[in-house]
Amino acid sequence: MSTGLPTTTSSTSDRSRWQSCFATAIEYYHSKIDEQIPIAESEQDSPNQPETAREYFEGRGWSEKTIDEHALGWAPAENNLRGHLKRAGFSDEEMLATGLFTKNLHPLWNGRYVFPYHDEHGNPVYAIARETNGKQRADILSGKYAKAACSKDYTKASEPIFGLKTIVEGNP
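Undergrad: Hey, could you run me through a negative patch on the surface in this one?
TA: A contiguous patch of negative charge on the surface is contributed by Glu51, Glu55, Glu58 and Glu64. Residue position: Glu51 is located in the loop between α1 (12-31) and α2 (53-59).

Undergrad: What's the story with the confidence of the model for the protein chain in this structure? I'm lost.
TA: When pLDDT drops low, the exact placement of atoms in the prediction is not to be read closely. Considering every residue of the protein chain, the mean pLDDT works out to 81; 72% of them sit at 70 or more. Summarising per-element confidence for the protein chain, the mean pLDDT is lowest in strand β4 (residues 145-147) (81) and highest in helix α4 (residues 81-87) (97).

Undergrad: What should I look at first to understand the nonpolar core in this one?
TA: The nonpolar side chains of a soluble globular protein tend to be buried with one another. Within the largest apolar cluster, 39 residues are counted, with the highest numbers of intra-cluster contacts made by Phe57, Leu81, Leu85, Leu100, Phe101, Trp109 and Tyr113. Of all the secondary-structure elements, those providing two or more residues to this core are α1, α2, β1 (73-75), α4, α5 (92-97), β2 (112-118) and β3 (124-131). Of the residues forming this core, the biggest block, seven residues, is contributed by α1.

Undergrad: When you look at the packing of aromatic side chains in this model, what are you seeing that I'm missing?
TA: Tallying each qualifying case throughout the model produces 10 aromatic pairs. Relative to Phe57, the ring of Tyr56 lies with its centre 5.4 Å away and its plane at 65°, an arrangement referred to as edge-to-face. Seen from their ring centres, Phe57 and Trp62 are 5.7 Å apart, and the 40° between their planes marks the pair as tilted. Chaining the aromatic ring pairs together yields one cluster made of Tyr56, Phe57, Trp62, Trp74, Tyr113 and Phe115.

Undergrad: What am I meant to see in the sheet that holds β3 here?
TA: Remark on secondary structure: sheet strands pair via backbone hydrogen bonds, oriented parallel or antiparallel. What the four strands build is an open sheet, ordered β1-β2-β3-β4; its pairing is antiparallel. Only two strands of the sheet have a single partner each, and these edge strands are β1 and β4. Between one strand and the next, the sheet's axes are offset by a mean angle of 35°, whatever the strand orientation. When β1 meets β2, the two strands line up antiparallel, connected through three bridges. Across the sheet, residue Trp74 finds its bridge partner in β2, namely Tyr113.

Reading guide: rules and limits
- Residues numbered from 1 in each chain as written.
- Predicted model: local features only at pLDDT ≥ 70, side-chain atom pairs only at ≥ 80, totals over all residues.
- Heavy atoms only, no water.
- Patch = residues over 30% accessible without salt bridge, like charges linked within 9 Å, V, L, I, M, F, W, Y side chains within 5 Å.
- Areas by Shrake-Rupley, 256 points an atom, 1.4 Å probe, with all protein chains shown as cover.
- Salt bridge = Lys/Arg side-chain N within 4 Å of Asp/Glu carboxyl O.
- Lys, Arg positive; Asp, Glu negative; His and termini not counted.
- Charge placed at Lys NZ, Arg CZ, Asp CG, Glu CD.
- Helix = DSSP H or I, 4+ residues; strand = E, 2+ residues; numbered from the N terminus.
- pLDDT = per-residue confidence, 0-100.
- Core = buried A, V, L, I, M, F, W, Y, C linked by side-chain atoms within 4.5 Å.
- Buried < 20%, exposed > 50% of the residue type's maximum accessible area, 1.4 Å probe, protein only.
- Phe/Tyr/Trp six-rings, centres within 6.5 Å; stacked < 30°, edge-to-face > 60°.
- Pairing = 2+ DSSP bridges.
- Axes fitted to C-alpha atoms, helices over the stretch in contact; angles between N-to-C directions.

Next up, the structure:
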């Protein structure tokens, strides 16, 4: 059974470094979960706008335990992910390999909820992000959902098959 981890010719050390960088990025986004979400002028009259990402996730019915176990997070509009990862000792190449940056090293997501995918060992290996609404985007991406880049020549991330641990051998 595939883990969803990339199979490349790079060394195990290279893979573990970019995966560690990815995990540190997910921790960063999770640490931002209680930050205030800026409200766009077009939404000021919307009583259902959550104030934080945690409030959004709880409003979807997810418990605090689930939110923390799965490291759900928030990519703030003023996203300093690159600076955080630099201070943690990661190189530009390792950051690019995560699929969480553009080729110019700008964070891919700004002002979005972050949903990590985990492997069978509980390690984050991929993520998608959701916009807060359809009226305002803090990043240049189009669409309600945005995936980590996995088809660019500078990334090593690959999109796993979600829900692999729900497969039972012998059952369709």
